[in-house]
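Working through the structure, step by step
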Amino acid sequence: MLDLTPNECVEREALRINPCKTCQPVGAVYAALGVHRCMPYSHGSQGCISYHRTVLSRHFKEPAPAVSSSFTEGASVFGGGSNLKTGVKNVFEIYKPDIIAIHTTCLSETIGDDIRSIIQDIEVPDGKYLVHANTPSYVGSHVYGYYNMMCGFINYLSESTGVPNGKVAIFPGWMNPGDLVEIKRLADICGLKYIMFPDQSGVMDAPLLGTYEMYPEGGTRISEIKDLGNCRCVLALGEMISAEPCFALERKCKVPHKMIPYPIGVENTDEFVMQTVKLSGIGNVPVCLENERGQLIDMMIDSHQHYSQKKVAIYGDPDTVLGVMSFVLELGMTPKYVITGTFGERFDHEAARILEVYGVKDCKVKSNADLFELHQWIKNESVDLLIGTTYGKQIAKAENIPLVRVGFPVLDRYVHSYMPIVGYRGCIRLLEMITNVFLDERDRECEDKDLEIVL
Amino acid sequence: MNTEPGTILDERKAFIRYGQESGIKCEADSVSGAVSQRACVYCGARVVLNPITDAFHIVHGPIGCASYTWDIRGSLTSGSDEYRNSYSTDMTEKDVIFGGEKKLSAAIDEVVEKHSPSLIFVYATCIVGVIGDDIGSVCRAAEARHPNVRIIPVQSPGFSGTKSHGYKLACEALMDLIRPHYDQAKVKGINFLGDYNLAGEAWIVRGYLESIGIPIITTFTGDSCHKNLIRAPSAQMNIVQCAGSMTYLAKCMENEFGIPYMKISFFGVEDTSASLLRISQAVGTEENICAAKELIAREEARVNPILKEYKKRLQGKKAAVYVGGGFKAISLIRQFNALGMKTAMVGTQTGTQEDYEIIRQIADSDTVILDDANPAELETFMKEKDVDILVGGVKERPLAYKLGVAFCDHNHERRHALAGYEGVLNFVKEIDASINSPIWNYVGGCDRS
């Protein structure tokens, strides 16, 4: 692990080493968990859903209920239709969800199960719903699975009744509950009437009250997903993850959209706030938000000497990486390597555009990359800081580089899923993590005589 | 059965028994639509083979199968740490349509060219089972191209059975690895099967055995390497810790190499002492037996007074157990008994009829016993039995906490050793820290009067 990575970089064609992504279905599960009283359902064999529940439990330190068709050899040969029918019946009977969100796996996709037609033969109890999304594991990444499941909900449920609801739909993208709470707080302060979809807050950060609720209070209501079709417009965060659901809603219900980056960093948060203010019609940015922004800027100036011009490598999901990249540029740091495991020319273009604004020339940007390659680059020319998921931990240890954990998954730390990195407050937290990791490093590494109590 | 209506599916009732009832259903497929805690065939194969420290594991399939099993166990190494990387062919749509054999060949070549491995395992995942890539012939051809490298296929499509079937496939892969080296002179020593060196557990046991004069030839597979594994046929005897995963390998080695095997357990004082004595009696001299007795006496004298103190804090508490294999459940019931605790619920993912019979005998008459349970059932019985602690794995932890129940991690990701006398101390410390944490006083709201 630590010594294996050779310095010499060679193009690999067939082999993926230490991935910076995982497969679609886990995205579908996480999206479905953001709908109230929804049971995610994996149409495939048992292992997949067991892995997805495990990784979600590890990241959020929360139970993540989800079921599977429990494919056997028979189902793989003769088709999984009867498994799906039995499974759905059992789920409604025993776990009593209001809605089941079915996603496919590589197995059910390849044997060619036509979920839509199987669903038509299933008798759904009154007032209950079934939706589905195709999420072949061999296409794209978990990011695709997330937006495909959003599209599944929209395609099945959203409708335009001709009666506008006056609300704005917020598509927040793949965020932690702490981020979603922050987005809603900002929207509330700006007086925006909205429907957030999906919304895992209240679900994946449910309180411990001594009882286990399979369906905690949070999540977008089914009625709200239906009502998305009557929204004035969509304010979508993260172009890479939210574009497809925007198109789906536009196709089906003619709802227009505005896509902006994840509100990570000053400018990105400014844009979110300005859009929200514009859409709510309150005219001016609320004073309390001006103050939060001012506090962030104040902190940035106070601390800038400790991180200015440090070189940083950022990896993870495309929208998160682009947001973090913007912020570190605003801090005066230099992104040296920026990678995502997900495919996407748009990622490369957007990263190039942001770098150009700051005149950064020698930053390597790559989509569909893996962490082994990043490690090789770092071995050839190191960086001062890593920002990304837990999976960068091996590189951090091997090269003795501090790591700030951001994105999905963070498996080896606590509390992170409650704490935002979006909005001005989220930026302050990210700034705290970045600054203190350098100061901690200095205190740990310096000579005794150089240890300073006061900075 | 005294359960809330609607919580337990009719199809699930045969999988659940109270202590005095026999004839539990197990080793069967999970019910469609149930929230099963089980994993798949590939997972079973991977967790058994992964700890081999210098092996390269190439997962032929979409990226998920590789990324979810990347560095999945807390298996420590004293040599190479190669096994902690993740290799995959990351199959895409094109590979699924046109077949992935060429990509797999190229991936093997890339590994061989860049990393000079001596041992590669290639796993077939669900998709490979469906599209019919012949990983066996790809591996044979690759071995012909790279004569110094062992390249072993593991036919483990996820849907082709249960996780236990994956264990069996892993054992077959291990037999493929060691079979060509069958013709070796016997030396003094044993193989240690079914230990994955989680948090250094194999080292603890190795230390005991070495101190009583019985060497370990090789471990399967915790902290093992290619060079040591192929010395396995020279052993006098095999000892099997994780019966679920490795009894099959022990039987294969018995049949093919004439190596007898013995099931042992290093969980709990009682099991650890009994196992050390039995091993020394089976393969040792009088001198070894004496040394074993001395070690047992010394360690028990050290550990028992500490346990006695913990017993005061734990006596009368009720435990629930939900673990992977039967052998672990059995050891845990014994350990709880020794601490004066009751095991009110016990379940496994892959227990056998034989395991459940032993569980039935050592558990209380009203203990709930269940196979392949789901969270709804765990919740039902944990509430019904009003348990104080759940012993389980990563998916059960948040469930227990939500119910206001303490938790002990006894799964393969844990970072603390639970084997041997040291492990017993770690175990009671963890049980005590969780059950007796002041945090539980605050569960249930501010108005608790």
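Everything discussed here concerns the structure shown above.
Presented here is a report on the structure given in the accompanying data block. Values in this document were obtained by computation on a predicted structure and should not be read as measured data. Position numbers for residues start from 1 in each chain and track the written sequence from start to end. Numbering of ligands from 1 and lettering of chains from A proceed in the order in which they are written. Given that this is a predicted model, residues contribute local features only at a pLDDT of at least 70 and side-chain atom pairs are listed and counted only at 80 or more, while totals for whole chains, interfaces and linings are drawn from all residues. Processing note: side-chain calculations cover all non-hydrogen atoms of the structure and skip hydrogens and water entirely.

A few points about the overall build of chain B
We count it as follows: The numbering of helices and of strands both runs from the N terminus, where a helix is a DSSP run of H or I of at least 4 residues and a strand a run of E of at least 2. Values of the radius of gyration come from C-alpha atoms, whereas the globule rule sets the reference at 2.2 Å times the count of residues to the power 0.38. Using a 1.4 Å probe on the protein chains alone, a residue whose accessible area is under 20% of its type maximum counts as buried, one over 50% counts as exposed, and one in between counts as partly exposed. What makes two residues a contact is simply this: any of their non-hydrogen atoms within 4.5 Å. The Shrake-Rupley method, run with a 1.4 Å probe sphere, supplies the accessible areas, and residue values consider only the shown protein chains as cover. For the purpose of counting charges, residues Lys and Arg are taken to be positive, whereas Asp and Glu are taken to be negative. His and the chain ends are not included. By convention, the charge on Lys lies at NZ, on Arg at CZ, on Asp at CG and on Glu at CD.
Within chain B one finds 17 helices and 14 strands. Radius of gyration (C-alpha) of chain B: 23 Å, near the 22 Å computed for a compact globule of 449 residues. Reported as C-alpha extents along the three principal axes, the dimensions of chain B are approximately 70 × 60 × 40 Å. For chain B, buried positions account for 64% of its 449 residues. At a minimum sequence separation of 6, the contacts of chain B that also span at least 24 residues come to 72%. Counting only carbon and sulfur atoms, one obtains 50% of the accessible surface of chain B, whose full area is about 15,700 Å². When the 48 basic and 56 acidic side-chain charges of chain B are each reduced to a single mean position, those positions are 3 Å apart.

Side note on the pairing of strand β6 (residues 190-195) of chain B
Residue and element names in this part refer to chain B. The cut-off we apply is this: The path from the first strand over the helix to the second decides the hand: if it runs clockwise while the strands point away from the viewer, the crossover is right-handed. We treat two strands as partners when DSSP finds at least two bridges between them.
Across the six residues of β6, six count as buried, placing the element largely inside the fold. Handedness of the crossover joining β6 and strand β7 (residues 216-221) through helix α8 (residues 201-211) is recorded here as right-handed. Pairing between β6 and strand β8 (residues 237-240): four bridges, direction parallel. Its bridge partner lying in β8, Ile190 is registered against Met237.

Considerations on the nonpolar core
Operational definition: Only buried residues count toward a nonpolar core. Its members are Ala, Val, Leu, Ile, Met, Phe, Trp, Tyr and Cys residues joined through side-chain atoms within 4.5 Å.
In this structure, Phe153, Phe171 and Ile434 of chain A together with Ile279 of chain B are the most contacted members of the largest nonpolar core, which totals 219 residues. Of all the elements, helix α7 (residues 142-157) of chain A adds the most residues to this core, at ten residues.

Side note on a nonpolar patch on the surface
Residues and elements named next belong to chain A. Selection rule: Like-charged residues are merged into a patch within 9 Å and nonpolar side chains (Val, Leu, Ile, Met, Phe, Trp, Tyr) within 5 Å, provided each residue has over 30% relative accessible area and no salt bridge. Counted as salt bridges are all cases of a side-chain nitrogen of Lys or Arg within 4 Å of a carboxyl oxygen of Asp or Glu.
Together, Tyr414, Val415, Tyr418 and Met419 make up an exposed nonpolar region whose accessible area comes to about 440 Å². The topology assignment puts Met419 in the loop between β14 (403-405) and α17 (423-445). A relative accessible area of 35% means that Met419 is categorised as partly exposed.

A short note on unusual backbone geometry
Cis geometry marks the peptide bond from Phe408 of chain A to Pro409 of chain A, where omega comes out at 0 degrees. As for its placement among the helices and strands, Pro409 of chain A is situated in the loop between β14 and α17. Geometrically, the link from Phe220 of chain B to Thr221 of chain B is a cis peptide bond, its omega value of -5 degrees lying close to zero. Among the structural elements, Thr221 of chain B can be located in strand β7. Here the phi dihedral of Asn197 of chain B falls at roughly 55 degrees; this positive angle occurs in a residue that is not glycine. Inspection of the secondary structure puts Asn197 of chain B in the loop between β6 and α8. Residue classification places Asn197 of chain B among the buried positions, given a relative accessible area of 0%. Located in the positive-phi region is Ala199 of chain B, a residue other than glycine, with phi close to 50 degrees. The residue Ala199 of chain B is located in the loop between β6 and α8 in this model.

Examining the sheet that holds strand β9 (residues 261-263) of chain B
Residue and element names in this part refer to chain B. Going by this rule: Fitting a line to C-alpha atoms yields each axis, with helices limited to the stretch in contact; the angle taken between N-to-C directions then spans 0 to 180 degrees.
Across the sheet, four strands lie side by side as β7-β6-β8-β9; this open sheet has parallel pairing. With one partner strand each, in any of the chains shown, β7 and β9 form the two edges of the open sheet. For this sheet, the mean inter-axis angle between neighbouring strands, taken without regard to orientation, is 20 degrees.

Some words on the interface of chain B and chain A
Where interface size is given, it is often the accessible area lost as the parts come together that is meant. In plain terms, the rule: We define buried area as the total accessible area lost by two parts upon association, computed with a 1.4 Å probe and summed across both.
The interface of chain B with chain A comprises 70 residues on the first partner and 70 residues on the second. Interface area for chain B against chain A, summed over the two sides, is near 6,000 Å², with a carbon-plus-sulfur share of 61%. If you sort the residues of chain B by the area they bury against chain A, Tyr68, Trp70 and Lys402 of chain B come out on top, with a joint share of 15%. Taken together, the connections running from chain B to chain A amount to three salt bridges. Of the charged contacts, one joins Lys402 of chain B and Glu62 of chain A as a salt bridge, the two residues approaching to 2.9 Å between their closest N and O atoms.

A look at the environment of Ile24 of chain B
Residue and element names in this part refer to chain B. Locating Ile24 in the fold gives a position in the loop between β1 (16-18) and α1 (41-49). Using a relative accessible area of 6% as the deciding quantity, one classes Ile24 as buried. Expressed as a C-alpha distance, the spacing of Ile24 and Arg150, which sit 126 residues apart in the sequence, is 42 Å. Discounting residues that sit within four places of it in the chain, Ile24 has contacts with Ala14, Phe15, Ile16, Arg17, Gln353, Tyr356, Ile369, Leu370 and Asp371.

Topic: the pairing of strand β13 (residues 389-392) of chain B
A regular strand places its side chains so that they alternate between the two faces of the sheet. All names here are of chain B. Residues Ile389 and Val391 of β13 are buried on one face, and the alternating residues Leu390 and Gly392, pointing to the opposite face, are buried as well. Where strand β10 (residues 318-323) lies against β13, three bridges are found, and the strand directions are parallel. If you follow Val321 over to β13, its bridge partner there is Val391. Pairing of β13 with strand β14 (residues 406-409), which is carried by four bridges, proceeds in the parallel orientation. Within β14, the position partnered with Val391 by the bridge is Cys408. Chirality of the crossover, the property in question, places the unit of β13, helix α16 (residues 396-402) and β14 among those that are right-handed.

Quick look at the sheet that holds strand β11 (residues 342-348) of chain B
Residues and elements named next belong to chain B. Taken together, six strands build an open sheet; the order of strands is β1-β12-β11-β10-β13-β14 and the sheet is mixed. Of all the strands in the sheet, the pair left with one neighbour each is β1 and β14. Across the sheet, the mean angle separating the axes of adjacent strands is 15 degrees when strand polarity is ignored. Here β11 runs beside strand β12 (residues 368-371); their pairing, made up of four bridges, is parallel. Its bridge partner lying in β12, Gly347 is registered against Leu370. Strands in contact with helix α14 (residues 353-362) are β11 and β12; relative to β12, the strand with the most contacts, it is inclined by about 170 degrees.

As for the pattern of salt bridges
What the rule picks out here adds up to 42 salt bridges over all chains. Here Arg185 of chain A and Glu292 of chain A are joined by a salt bridge, their closest N and O atoms 2.9 Å apart. Separated by 107 residues along the polypeptide, Arg185 of chain A in helix α8 (residues 177-189) and Glu292 of chain A in helix α12 (residues 287-303) bring together distant segments of the chain. The buried category is assigned to Glu292 of chain A, whose relative accessible area is 7%. One salt bridge in this structure joins Glu210 of chain B and Arg206 of chain B, with 3.8 Å as the shortest N-O distance. Of this pair, Glu210 of chain B and Arg206 of chain B both sit in helix α8, four residues apart, which is roughly one turn of the helix. Taking the relative accessible area as the measure of exposure, Glu210 of chain B reaches 48% and is therefore partly exposed. Its relative accessible area of 23% is what places Arg206 of chain B among the partly exposed residues. What emerges from the salt-bridge pattern is a single network uniting Arg12, Arg16, Lys21 and Asp370 of chain A together with Asp90 of chain B.

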